[in-house]
Structure formats: C-alpha cells, structure tokens
Amino acid sequence: MIVPEKIIYLDHNATTPLDPAVLEEMLPFLTTYYGNPSSAYRFGAQVRSAIDLARERVAMLLGCEPGEIIFTSCGTESNNTAIRSALQLDPKRQHIVTTAVEHSAILRLCGELAKRGSTVTYVPVDSDGNLDLDELERAVTSETAIISAMWANNESGVLFPIEKIAEIARRKRVIFHCDAVQAAGKLPISLRHSTINFLSLSAHKLYGPKGVGALYLSRRAPFRPLLFGGSQENGRRAGTENVASIVGFGKAAERAVEALRTEPDRIRQMRDQFEAAIIAAIPDVTVNGNLKERLPNTSSLTFDGIQSGAALMMLDQSNLCCSAGSACHTGSLQASHVLRAMGLSEERARGSLRFSFGRFNTATEVGKAIAIVTATIAKMRRLNALSSNLPERKPVPAL
Ligand SMILES: *Cc1c(COP(=O)(O)O)cnc(C)c1O
C-alpha cells in the first residue's frame, strides 16, 4: 500500500480526505446506534434526529429550508434524479438544454436519454470556458423540460453565472437544475432568494464520506422521485438511509460553513503561488480557463509537448497525486472533453494536467510540488527531444 503520509495530494476535485471531525461524528452510527430511523421505538427515533440535524446543517450550507433537502447515494444520483424528474412532468416536453462541459453524470445520462426519445442541446463554451448566455437562451423552446448547468467546472474550475441562468429559466418557465458538486464548500451559496429549482451536492467533494449526496428541491418545483419503495425522505427518495454517511455529510457541511470564512483565501494563495512558480520555471505553459471567474483551488495547465498520461505516471513515482482531465476518464485515453470544448487541440488537451488544492495542504507541500512538477516536465521534454532525434527505425517487414 502507498503510505499516505508521503503523498502530496493535489486532486481534491476528484475526492477529498475525510475531515477527522466528520469521522468522529460518524463512528457511533456505525457501531452503537444502528437502529432503523423509520422504526417506532426511541432507539430508531434517536437515529432519525441525527438525520434531521444533518439535514439542517446541509440546509444551512445552502441557505435553504431543511425540508428542501433530500439525501441520495451520490452526486451522480442527484443529477440523474433531477433530470429524470423534469422529463416526467409533460410528455410533450422532452428537450434538455445543458452545456458541453458538464460532468459525465450529466453528459452520459443525456446521451442515454437521447437514445430514448429526448433531444439534447449542448451549449458550447468559449476558449476561456465561458458559456454564451444568449445562445443558452435561444436553445430553450416550448418543448424544453429542463436546463441543467454546473456551477463550477471540475476540470477547469471555471464558474458559470448561475443566477443569470436561473433567471433565464424563470423567464422561460423551464425547470433549472444546477450541479453544484464542485461549488459547495468552495463558494458561498444562498438559495433563499434564488430561482434555482434543483441543485446537486456530493459529500466526498467537501471532506465528507463517499457514497452520499444531496439534492435540493425547491418548494416551488414539481418533483417526481427516481426510486420508489419506503416512504423515506418524505416519499421523495425510497431506501433505508445511509445513516452514518448522512451524519458525516451533515458534519462536513457544518465544517464547510465555518471554513468558508477563511479557507478559500488560504487555498487560493497556495494555488496562485504554485501557478506563478510553475509559469516562472517552465517555458510553454498555459493556464486554462477564465482566470477571474474560477474556483480558488483549481489549476488546469497545458504543457506543450508532453503527454499527460506519462506525466501522471512520473508524478506518481514522486508521490504526487493530480489528474489529467477528470478522474472518471483516466484509463480511457480520451482527451478531456472540457478542454476540447474550450477549443484546445487534441494534442494540447492531452498535454494538460489538473492540480486541485484543499484543506490539509501545507506551504511545504506546495514547495515540494513545484519542485517535482518542474523537474518532471523538464525530464519529459528532454526525453521527447532525445527520441525525436533518434534515427528512424526501419519498419519491421510483415510476415
Ligand atoms: C464528482 C462530481 C460529480 C459526481 O459525484 P459523485 O458523488 O462522485 O457521484 C458530479 N458532478 C461534478 C461536477 C463532480 O465533480
């Protein structure tokens, strides 16, 4: 096994470590308090109150009512639930408007729905990753069931003007879903005066456990559940609750509310210091995305003439964790669809790395990361130069 103490973890957009305070809050619900929250006796009721508290804490993070939150199994389920709900309201409205740079939990779902009679418009982005709002507005028709757009992009970190999109949706009388998985805990969110109808969260992106998500359902929005069965979550999501994880999610949300006061600035400083040092030390690097409207923790960099897959392996040898495109795509050799949508050539997209900083990173780690990345890129470029100077090998004759 890899010893975690040695790891420099710069991949917080893929997942975050569990905050120790979260684990502490979860443990009693994995051991002592195993009652079913739906049971009538007090041993069940006390578990139910723990879930109620978690719901209040998540609602606090979003500035909404606890009754507007349902717990799900992950961000992916929240996204699937929101879109499928909107498609069930009116058989004549089966059109989805989304963007070219969404997470696969939206894009693959839309691809699947398109095979079953839905139509999908993917609104493009410009070279900085910005959405064209006029184009988004023009895409909405009388058959549109839902607009789905992410708040913060997991690969580039670019932020979409979510309140403006919500306003377009309100004017057009279309449901608006926001994938806020990367935004929650990194930016202040207040839904109280918002016209967003549905909003997805995932605990493991904000120092909570994996396998639990939430979906905000505005009181004003009509809703159809994805799962039917027991009457958990007020009949809006059946299935016995993942109690310990929900409790952990609640604690993570509470920590996030406190952390939002100072943490984003501290993390932004580390990210900016890293970026500045890399740009100063390495020639031919570009920072991807709108540098003003961007998550404070994310740095997407393109290094001319390198292969990100090989770079990841070399960085891994130095115990540095980062990613090429999104984690969901590693293993498949596809260039990032986000960077391609931003107009990067296949080759440049394949030469890109994403570094995402987080709560437990230190200045010492940032210093080490700068040295490791600088040495790795220089080494890769030396190797590339060597191999391109080698005499061409004679082709092996076919048998
Ligand atoms: C991670 C992520 C998801 C999926 O969340 P899971 O809980 O891992 O299913 C969805 N959208 C975005 C933007 C993400 O970064």
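Refer to the structure presented above.
Now for a quick tour of the structure. Worth saying up front: this structure is predicted, and the values here are computed from it rather than measured. (Residues numbered from 1 in each chain as written. Predicted model: local features only at pLDDT ≥ 70, side-chain atom pairs only at ≥ 80, totals over all residues. Heavy atoms only, no water.)

1. Details of the packing of aromatic side chains
Enumeration according to the criterion identifies seven aromatic pairs in this entry. Measuring from centroid to centroid gives 6.1 Å for F198 and F223, while their planes differ by 80°, and the two rings are edge-to-face. Note that F198 is positioned in strand β7 (residues 198-202) and F223 in the loop between β8 (213-217) and α7 (232-235), a separation of 25 residues in sequence. Assigned by exposure class, F198 and F223 land together as buried. (Phe/Tyr/Trp six-rings, centres within 6.5 Å; stacked < 30°, edge-to-face > 60°. Helix = DSSP H or I, 4+ residues; strand = E, 2+ residues; numbered from the N terminus. Buried < 20%, exposed > 50% of the residue type's maximum accessible area, 1.4 Å probe, protein only.)

2. Comments concerning the sheet that holds strand β3 (residues 95-99)
Judged by pairing direction, the sheet is mixed, and its seven strands sit side by side in the order β2-β8-β7-β6-β5-β3-β4 without closing on themselves. Strand pairing shows two members of the sheet lacking a second neighbour, β2 (69-72) and β4 (119-123), which therefore form its edges. Ignoring strand direction, the axes of neighbouring strands in this sheet form an average angle of 20°. Each of β2, β3, β5 (144-150), β6 (175-179), β7 and β8 touches helix α3 (residues 75-87); the most contacted strand, β7, lies at about 165° to it. (Pairing = 2+ DSSP bridges. Axes fitted to C-alpha atoms, helices over the stretch in contact; angles between N-to-C directions. Contact = heavy atoms within 4.5 Å.)

3. Topic: a negative patch on the surface
Residues D126, D128, D132, D134 and E135 make up a contiguous surface patch of negative charge. In this fold, D128 is placed in the loop between β4 and α5 (133-139). Residue classification places D128 among the partly exposed positions, given a relative accessible area of 36%. (Patch = residues over 30% accessible without salt bridge, like charges linked within 9 Å, V, L, I, M, F, W, Y side chains within 5 Å. Areas by Shrake-Rupley, 256 points an atom, 1.4 Å probe, with all protein chains shown as cover. Salt bridge = Lys/Arg side-chain N within 4 Å of Asp/Glu carboxyl O. Lys, Arg positive; Asp, Glu negative; His and termini not counted. Charge placed at Lys NZ, Arg CZ, Asp CG, Glu CD.)

4. So, the pattern of salt bridges
Under the defined criterion, the tally for this structure stands at 21 salt bridges. In this structure, R255 and D19 form a salt bridge, with 3.2 Å as the shortest nitrogen-oxygen distance. Of this pair, R255 sits in helix α8 (residues 243-259) while D19 sits in the loop between β1 (8-9) and α1 (20-30), placing them 236 residues apart in sequence. On the accessibility criterion, R255 (24% relative accessible area) is partly exposed. Measuring nitrogen to oxygen at the nearest pair gives 2.8 Å for the salt bridge that ties R271 to D272.

5. Some words on the side chain of K251
Checked against the element boundaries, K251 lands in helix α8. For K251, the residues in contact, after removing those within four places along its chain, are A21, V22, E25 and R57.

6. Points about the site of the ligand
Taken together, the neighbourhood of the ligand is formed by 13 residues, with T76, D179, Q182, S202 and K205 sitting nearest. The separation between an oxygen atom of the ligand and a polar side-chain atom of T76 is 2.5 Å. Here S202 contributes a side-chain N or O atom positioned 2.6 Å from an oxygen atom of the ligand. Here the ligand, which alone exposes 390 Å², has 90% of that area covered by the protein. Broken down by element, the residue count for the shell around the ligand peaks at three residues, all from α3. For the shell around the ligand, the residue count by class is three nonpolar, eight polar and two charged. (Near = heavy atom within 4 Å. Polar contact = N/O pair within 3.5 Å; in protein donor to acceptor, adjacent residues only side chain to side chain. Nonpolar A, V, L, I, M, F, W, Y, C, P; charged D, E, K, R; others polar.)

7. Here we look at the pairing of β6
Across the five residues that make up β6, a large majority, five, are buried. Here β6 shows a buried face lined by I175, H177 and D179 and a second buried face lined by F176 and C178. As paired strands, β5 and β6 are joined by five bridges and run parallel to one another. The residue of β6 that forms the bridge with M150 is D179. Taking the sense of rotation as the criterion, the β-α-β connection linking β5, helix α6 (residues 162-171) and β6 turns out right-handed. Here β6 runs beside β7; their pairing, made up of three bridges, is parallel. Note that in β7 the partner of D179 across the bridge is S200. (Right-handed = clockwise from strand over helix to strand, strands pointing away.)

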